[in-house]
Amino acid sequence: MTTTTTDERALADLQRDHGPALFHFLLGLTFGDRQRAEDLLQETLVRAWQHPEAFDGPYESMRPWLFTVGRRLAIDARRARLARPAEVSDAVLESAPGREDTADSAVAALDVRRAVRTLSPEHRAVLVQIYFRGLSVSETAEVLGIPAGTVKSRSYYALRVLSRHLPGYSSRSSSLSSGSRAAAAATST
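Residues numbered from 1 in each chain as written. Predicted model: local features only at pLDDT ≥ 70, side-chain atom pairs only at ≥ 80, totals over all residues. Heavy atoms only, no water.

A.B. asks: I keep staring at helix α8 (residues 148-165) and nothing clicks. Help me out?
C.D. replies: One turn of an α-helix holds 3.6 residues; hence residues three or four places apart share an orientation. Compared with an ideal rise of 1.5 Å per residue, which puts 18 residues at 26 Å, α8 spans 26 Å between its outermost C-alpha atoms and is within 8% of the ideal. All of the buried residues along α8 are V151, S155, A158, L159 and L162. End-on view of α8: buried residues confined to an arc of 105°, all on one side of the axis. (Helix = DSSP H or I, 4+ residues; strand = E, 2+ residues; numbered from the N terminus. Expected span 1.5 Å × (residues − 1). Buried < 20%, exposed > 50% of the residue type's maximum accessible area, 1.4 Å probe, protein only. Arc of directions from axis to C-beta.)

A.B. asks: How should I be thinking about the nonpolar core in this particular structure?
C.D. replies: General note: in soluble globular proteins, nonpolar side chains tend to be found buried as a group. Core analysis: the largest hydrophobic core is formed by 19 residues, its most contacted members being L14, W65 and L66. Discounting residues that sit within four places of it in the chain, L66 has contacts with L14, H18, L22, T44 and A48. A115, V116, L119 and A158 belong to the second-largest nonpolar core, a separate cluster that totals 9 residues. (Core = buried A, V, L, I, M, F, W, Y, C linked by side-chain atoms within 4.5 Å. Contact = heavy atoms within 4.5 Å.)

A.B. asks: Sorry, what's going on with the packing of aromatic side chains here?
C.D. replies: Any two aromatic rings considered together are summarised by their centre-to-centre distance and by the angle between their planes. All told, the structure shown has 2 aromatic pairs when counted by the stated rule. Centroid distance Y156 to Y157: 5.0 Å. Interplanar angle 80°. Geometry classified as edge-to-face. Judged by its relative accessible area of 39%, Y156 falls in the partly exposed class. The exposure class of Y157 is partly exposed, given its relative accessible area of 44%. (Phe/Tyr/Trp six-rings, centres within 6.5 Å; stacked < 30°, edge-to-face > 60°.)

A.B. asks: Would you explain unusual backbone geometry in this entry?
C.D. replies: The phi angle of most residues is negative, glycine excepted, and most peptide bonds adopt the trans form. The phi angle at F31 is positive, at roughly 55°, despite the residue not being glycine. By the element assignment, F31 lies in the loop between α1 (8-29) and α2 (34-50).

A.B. asks: What's the story with the side chain of T30 in this structure? I'm lost.
C.D. replies: In this fold, T30 is placed in the loop between α1 and α2. Here D33 takes part through its backbone oxygen, which lies 3.2 Å from a polar atom of the side chain of T30. (Polar contact = N/O pair within 3.5 Å; in protein donor to acceptor, adjacent residues only side chain to side chain.)

What follows is the structure, given as structure tokens:
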């Protein structure tokens, strides 16, 4: 009856004689990752256990064979890790921003557009410059060719009209999405 695995005593001697050197070699291949190096060391010793013919090789020491097997296992493990997506811990997933429901922001944008259409052209022009283009009062006055006081007055009255045409939108609402912030800005004064 022939044996298909290495003798346990020979394997224990192999681990005692070559295990520490092989571990340090594998630690270098895994960039200091002790857990991966230990896994590779164990897998290398399993391969030695499964291939007793390696002990009968023409070389004086098993170390070159072990280092070759360990290096190949490290390369295969790295290729396997690179072939699949990187693992993400729960902490990363919890800190990732959630996807917002775009339906609410789309409805809010439609409501704001509809309400803005009810304004006079002068009031609408002021709000478009200040709230939608982000200009300051003085920049708006320069673009429209009117005094800054007129810009302030028109924006005040325009916002009052919008607040009547946009019931339910207010700056105190806690369920504002990014699309309805413009509506809140247009209605708050």
